[in-house]
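What the coordinates show
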Amino acid sequence: MTLTTTLIAALGFLTATVFCGWRGAQPSNPAKGPRMIPWRPMMMVSAFGLLMMLVHLANLMGVQTGR
């Protein structure tokens, strides 16, 4: 992936992480029924994706993260 696509993906994962964290912190409303979307696990998956994009960005900048 190029630098541009890495930055776009990282921004997308950051946006998803913040949004899912915000939605997961909302109190549940029993009158509306149960939550059908698991916001906390989705936040963790998108945070993991963001971490991977940051490591890839560091590799593109010349930092060696592996062997």
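See above for the structure.
Description of the structure in this document. No experiment lies behind these values; they were computed from the predicted model shown.

Examining the overall build of the protein
When you go through the protein residue by residue, the secondary structure sums to two helices and zero strands. In terms of C-alpha radius of gyration, the protein reaches 16 Å, well past the compact-globule figure of 11 Å for 67 residues. Based on the C-alpha atoms only, the size of the protein along its principal axes is roughly 55 × 25 × 15 Å. Within the protein, residue pairs in contact and separated by at least 24 positions form 60% of the contacts whose partners lie at least 6 positions apart. With the model as given, the accessible surface of the protein reaches about 5,200 Å², and the carbon-plus-sulfur share is 73%.

Focus on helix 1 (residues 3-25)
A rise of 1.5 Å per residue sets the reference length of helix 1, with its 23 residues, at 33 Å; its end C-alpha atoms lie 33 Å apart and thus fit the reference within 8%. By the burial criterion, the buried members of helix 1 are Thr6, Ala10, Thr17, Cys20, Gly21 and Gly24. Residues of helix 1 that are buried in the fold lie against helix 2 (39-60).

Topic: the layout of surface pockets
Leftover empty space is mapped by rolling, across the atoms, a probe with the size of a water molecule. Size it by volume and the largest pocket reaches roughly 250 Å³. Considering the residues around the largest pocket, the lining is formed by Arg23, Gln26, Pro27, Ser28, Asn29, Lys32, Gly33, Pro34, Arg35, Met36, Ile37 and Trp39. Tallied by class, residues from the lining of the largest pocket come to five nonpolar, four polar and three charged.

Considering the packing of aromatic side chains
Under the counting rule described, the total for this entry stands at two aromatic pairs. Ring centres of Phe19 and Trp22 lie 5.9 Å apart, and the angle between their planes is 45°; this geometry places the pair in the tilted category. On the criterion of helical spacing, the pair formed by Phe19 and Trp22 is a turn pair, its members being three residues apart in helix 1. By relative accessible area, which is 47% here, Trp22 ends up partly exposed. Taken together, a centroid distance of 5.6 Å and an interplanar angle of 85° make the contact between Phe19 and Trp39 edge-to-face. Placement of the pair is Phe19 in helix 1 and Trp39 in helix 2, with a sequence separation of 20 residues. Judged by relative accessible area, Phe19 falls into the partly exposed class, the value being 42%. Every member of this aromatic cluster is reached through a ring pair, and the members are Phe19, Trp22 and Trp39.

Conventions adopted
- Residues numbered from 1 in each chain as written.
- Predicted model: local features only at pLDDT ≥ 70, side-chain atom pairs only at ≥ 80, totals over all residues.
- Heavy atoms only, no water.
- Helix = DSSP H or I, 4+ residues; strand = E, 2+ residues; numbered from the N terminus.
- Rg over C-alpha atoms; globule rule 2.2 N^0.38 Å.
- Contact = heavy atoms within 4.5 Å.
- Areas by Shrake-Rupley, 256 points an atom, 1.4 Å probe, with all protein chains shown as cover.
- Expected span 1.5 Å × (residues − 1).
- Buried < 20%, exposed > 50% of the residue type's maximum accessible area, 1.4 Å probe, protein only.
- 1 Å grid on protein atoms, 1.4 Å probe; cavity = no way out; pocket = protein on both sides within 12 Å on 5 of 7 lines; lining within 4 Å.
- Points joined across faces, edges and corners; volume = space filled by probe spheres on them.
- Nonpolar A, V, L, I, M, F, W, Y, C, P; charged D, E, K, R; others polar.
- Phe/Tyr/Trp six-rings, centres within 6.5 Å; stacked < 30°, edge-to-face > 60°.

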